[in-house]
Amino acid sequence: KYAKVIQGRLWQGNIVLDPAGVAEVHKDWVSYSELEQYDINPVSNILNIANFGVGNITGIDEMFGNPVILRDNSMIFINIKDNPGTPALWSVREVKHNIGNIASNGYINVKGNLYVCWYNGIYEFSPNNLAETDFTPTDLLRISEPINDTYEALTLSQKQDIRVGYDHLKSEIVFVLGDEVWAWSVVYREWREINSSNH
């Protein structure tokens, strides 16, 4: 369901094995292609991340050359950057903040920071926030506090349907939140509402 090329490999999450035959669905498995051979995905190149975090995979992104697997209630960091050609040397760990992503089209990476939509708000993660040594209080990573009334008024299905995009000219991340459209300025770090008739 999700795919992204990272460090010369095609990473895939929420996968189906043998789609033409058995069609085994694995919502918490990740696979990766052979190096620089995106269409070669042997069964040996599968990571079962069921023991890392909770929930289905809801996206794949990249931070500093490393895959970040997004789940409903967690994020999984796979350190491959130092050894992209040697899977045996990779390390897999759950990000210490117990935050995930519930909107398949509601996450985005802008200028090296990852933005995700969770049950109680929109969160911004820098590469430092994904480090094992990060002690930033999770509440400080939530950027949606000023529009909390709007976000909290959304139903769960509306939160799961959030869509996001980036306006390069205005340096704004644009979120479609139900019937309203809001933009987050990555420069001024503030919100503004966009006239919903324009989206």
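All values reported here derive from a predicted model rather than from experimental measurement.

### Digging into the environment of Ile122
And then number 1: Checked against the element boundaries, Ile122 lands in strand β11 (residues 121–125).
And then number 2: Ile122 sits in the buried class, given a relative accessible area of 0%.
And then number 3: Each residue touching Ile122, except ones within four places of it in the same chain, is listed here: Val116, Cys117, Leu141, Arg142, Ile143, Ser144, Tyr151, Phe175, Leu177 and Trp191.

### Remarks on unusual backbone geometry
Note: most residues except glycine have negative phi, and most peptide bonds are trans.
And then number 1: Of note, the phi angle at Asn14 is positive, near 60 degrees, even though the residue is not glycine.
And then number 2: Mapped onto the elements of the fold, Asn14 is located in strand β2 (residues 9–17).
And then number 3: For Ala23, which is not glycine, the phi dihedral falls at a positive 55 degrees.
And then number 4: Position of Ala23 among the secondary structure elements: in the loop between β2 and β3 (24–32).

### Some details on the nonpolar core
And then number 1: Ranked by internal contacts, the top residues of the largest apolar core, which has 19 residues, are Ile173, Phe175 and Leu177.
And then number 2: The set of elements that each furnish at least two residues to this core consists of β9 (108–110), β10 (113–118), β13 (172–177) and β14 (180–185).
And then number 3: Top element by residues in this core is β13. It accounts for three residues.
And then number 4: Contacts of Phe175, omitting those with residues within four sequence positions, involve Gly106, Cys117, Ile122, Ile162, Arg163, Val164, Glu180, Val181, Trp182, Trp184 and Trp191.

### Here we look at the sheet that holds strand β7 (residues 74–79)
And then number 1: Spatially, four strands are ordered β5-β6-β7-β8 in an open sheet, and the strand pairing comes out antiparallel. Edge positions in the sheet fall to β5 (57–63) and β8 (91–94), since each has one partner strand and no second. Neighbouring strand axes in the sheet, compared pairwise and without regard to direction, differ in orientation by 20 degrees on average.
And then number 2: In this structure, strand β6 (residues 66–71) lies alongside β7, joined through four bridges in antiparallel fashion. Bridge pairing links Leu70 to Met75 in β7.

### Quick look at the side chain of Asp61
And then number 1: Within the fold, Asp61 resides in strand β5.
And then number 2: Despite its burial, Asp61 remains without a salt bridge, the nearest opposite charge being carried by Lys4 at 4.7 Å.
And then number 3: At a separation of 3.1 Å, a polar atom in the side chain of Asp61 contacts the side chain of Asn109.
And then number 4: Asp61 has contacts with Lys4, Ile6, Asn66, Pro67, Val68, Tyr107, Ile108, Asn109 and Leu114, leaving out every residue within four places of it along the chain.

### Considerations on the packing of aromatic side chains
Note on aromatic pairs: each is described by the distance of the centres and the angle between the planes.
And then number 1: Applying the stated rule across the entire model yields seven aromatic pairs.
And then number 2: Here Tyr32 and Trp90 contribute two aromatic rings whose centre-to-centre distance is 4.8 Å and whose plane-to-plane angle is 65 degrees, an arrangement assigned as edge-to-face. With Tyr32 in strand β3 and Trp90 in the loop between β7 and β8, this pair connects stretches of sequence that are 58 residues apart. Trp90 matches Tyr32 in its accessibility class, with the two residues each being buried.
And then number 3: For the pair Trp118 and Tyr123, a centre-to-centre distance of 6.4 Å together with 75 degrees between the ring planes defines the contact as edge-to-face.
And then number 4: The exposure class of Tyr123 is buried, given its relative accessible area of 1%.

### Structural notes on the sheet that holds β2
And then number 1: With antiparallel pairing, the four strands of this open sheet are ordered in space as β1-β2-β3-β4. Only two strands of the sheet have a single partner each, and these edge strands are β1 (2–6) and β4 (46–48). Averaged over all adjacent pairs, the angle separating strand axes in this sheet is 30 degrees, with direction ignored.
And then number 2: Sheet analysis places β2 next to β3, joined by six bridges and oriented antiparallel.

### A few points about the pairing of β11
And then number 1: The buried count for β11 comes to five of five residues, which makes it a mostly enclosed element.
And then number 2: Side chains Gly121, Tyr123 and Phe125 project from β11 onto one buried face, and the interleaved Ile122 and Glu124 project onto a second face that is buried too.
And then number 3: Sheet topology places β10 next to β11; five bridges connect them, and they run antiparallel. Counted as the bridge partner of Cys117 is Ile122 from β11.

About the thresholds
- Residues numbered from 1 in each chain as written.
- Predicted model: local features only at pLDDT ≥ 70, side-chain atom pairs only at ≥ 80, totals over all residues.
- Heavy atoms only, no water.
- Helix = DSSP H or I, 4+ residues; strand = E, 2+ residues; numbered from the N terminus.
- Buried < 20%, exposed > 50% of the residue type's maximum accessible area, 1.4 Å probe, protein only.
- Contact = heavy atoms within 4.5 Å.
- Core = buried A, V, L, I, M, F, W, Y, C linked by side-chain atoms within 4.5 Å.
- Pairing = 2+ DSSP bridges.
- Axes fitted to C-alpha atoms, helices over the stretch in contact; angles between N-to-C directions.
- Lys, Arg positive; Asp, Glu negative; His and termini not counted.
- Salt bridge = Lys/Arg side-chain N within 4 Å of Asp/Glu carboxyl O.
- Polar contact = N/O pair within 3.5 Å; in protein donor to acceptor, adjacent residues only side chain to side chain.
- Phe/Tyr/Trp six-rings, centres within 6.5 Å; stacked < 30°, edge-to-face > 60°.

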